[in-house]
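Examination of the molecular architecture
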Amino acid sequence: MSKVTLSDDLNSYHSKALIRVKVKEFFSEFSAKIFELADEAGKLDHKKFEAISGINCDFYNEYCSQLKGFFDSSASTFGKKSIKTMYFTYNGKNYILTQQGITEKAPISIAPFMGNLPLKESFHDVEKACLKLRFQQE
């Protein structure tokens with residue numbers, strides 16, 4: 001059963017702007033919840049997130065977008081494609097984020113990763129990102 005809890009009133013937020021603000025405000029909590037659910041589910045996507053957590057899938061999609069944006073500097077570089085696969089470490093475990101399409105709106109999944117890291121790839125530390133965001137907000 002899930003150990004991390006998010007506010008019950010999250011489903012009362014319907015605008016993209018409010019969802020974006022809430023995800024940024026509670027980035028650490030969303031990180032804990034999403035990676036915990038990825039461990040439980042094996043492979044987490046927006047539909048599984050909503051089914052398991054009871055929280056609107058727009059929060060999952062926004063979290064993934066912010067997570068990718070935090071580490072994917074090539075997305076803002078003209079002429080470069082956004083990264084479709086990224087590797088993360090969270091709480092001592094490794095995960096893979098996969099975007100299943102060519103557009104920014106394509107579905108994203110997060111799953112535990114047990115294999116060898118491909119050449120020219122590196123693990124991005126989500127916990128450090130959470131700390132950095134927290135200091136920026138204070």
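Our structure is the block above this text.
These remarks concern the structure in this document. Model, not experiment: these values are computed from the prediction.

**So, the overall build of the protein**
- Helices and strands together make up the secondary structure of the protein, namely five helices and four strands.
- Residues counted as buried form 40% of the 138 residues belonging to the protein.

**Focus: the sheet that holds strand β2 (residues 93-99)**
- Here we have four strands laid out as an open sheet, ordered β3-β2-β1-β4, and mixed in their pairing. The open sheet has two free edges, formed respectively by β3 (108-112) and β4 (123-125), since each of these has just one partner strand. The sheet shows a mean angle of 30° between the axes of neighbouring strands, direction not considered.
- With six bridges connecting them, strand β1 (residues 85-90) and β2 associate as antiparallel partners. Following the sheet pairing, Phe88 is matched in β2 by Tyr95.
- The strands that helix α4 (residues 57-71) touches are β1, β2, β3 and β4; relative to β3, the one it contacts most, it runs at about 75°.

**Observations concerning the pattern of salt bridges**
- According to the stated counting rule, one finds three salt bridges in the structure shown.
- When the shortest N-O distance is used, the salt bridge between Glu62 and Arg20 registers 3.7 Å. Of this pair, Glu62 sits in helix α4 while Arg20 sits in helix α1 (residues 16-25), placing them 42 residues apart in sequence.
- For Glu62, a relative accessible area of 12% gives the class buried.
- A salt bridge links Glu25 to Lys22, with the nearest nitrogen and oxygen atoms 3.5 Å apart. On the criterion of helical spacing, the pair formed by Glu25 and Lys22 is a turn pair, its members being three residues apart in helix α1.
- With relative accessibility at 40%, the residue Glu25 sits in the partly exposed group.

**Brief notes about the nonpolar core**
- Counting 28 residues, the largest nonpolar core has Phe35, Tyr63, Leu67, Ile110 and Val126 as its most contacted members.
- Of all the elements in the fold, those that place two or more residues in this core are α1, α2 (27-41), α4, β1, β2, β3 and α5 (126-137).
- In terms of residue count, the dominant contributor to this core is α2 (seven residues).

**Digging into the packing of aromatic side chains**
- What the rule picks out here adds up to eight aromatic pairs.
- With 5.0 Å between their ring centres and 65° between their planes, Tyr87 and Phe113 make a pair best called edge-to-face. Here Tyr87, found in strand β1, pairs with Phe113, found in the loop between β3 and β4; they are 26 residues apart in sequence, far enough to count as distant.

**Quick notes on α2**
- Over its 15 residues, α2 extends 20 Å from the first C-alpha to the last, a length consistent with the 21 Å expected when each residue adds 1.5 Å.
- Along α2, eleven of the 15 residues are buried, which leaves the element largely enclosed by surrounding structure.
- Taken together, the buried positions of α2 are occupied by Phe27, Ser28, Phe30, Ser31, Ala32, Lys33, Ile34, Phe35, Glu36, Leu37 and Ala38.
- Just past α2, the residue Gly42 takes up positive phi, approximately 90°.

Criteria and cut-off values
Residues numbered from 1 in each chain as written. Predicted model: local features only at pLDDT ≥ 70, side-chain atom pairs only at ≥ 80, totals over all residues. Heavy atoms only, no water. Helix = DSSP H or I, 4+ residues; strand = E, 2+ residues; numbered from the N terminus. Buried < 20%, exposed > 50% of the residue type's maximum accessible area, 1.4 Å probe, protein only. Pairing = 2+ DSSP bridges. Axes fitted to C-alpha atoms, helices over the stretch in contact; angles between N-to-C directions. Contact = heavy atoms within 4.5 Å. Salt bridge = Lys/Arg side-chain N within 4 Å of Asp/Glu carboxyl O. Core = buried A, V, L, I, M, F, W, Y, C linked by side-chain atoms within 4.5 Å. Phe/Tyr/Trp six-rings, centres within 6.5 Å; stacked < 30°, edge-to-face > 60°. Expected span 1.5 Å × (residues − 1).

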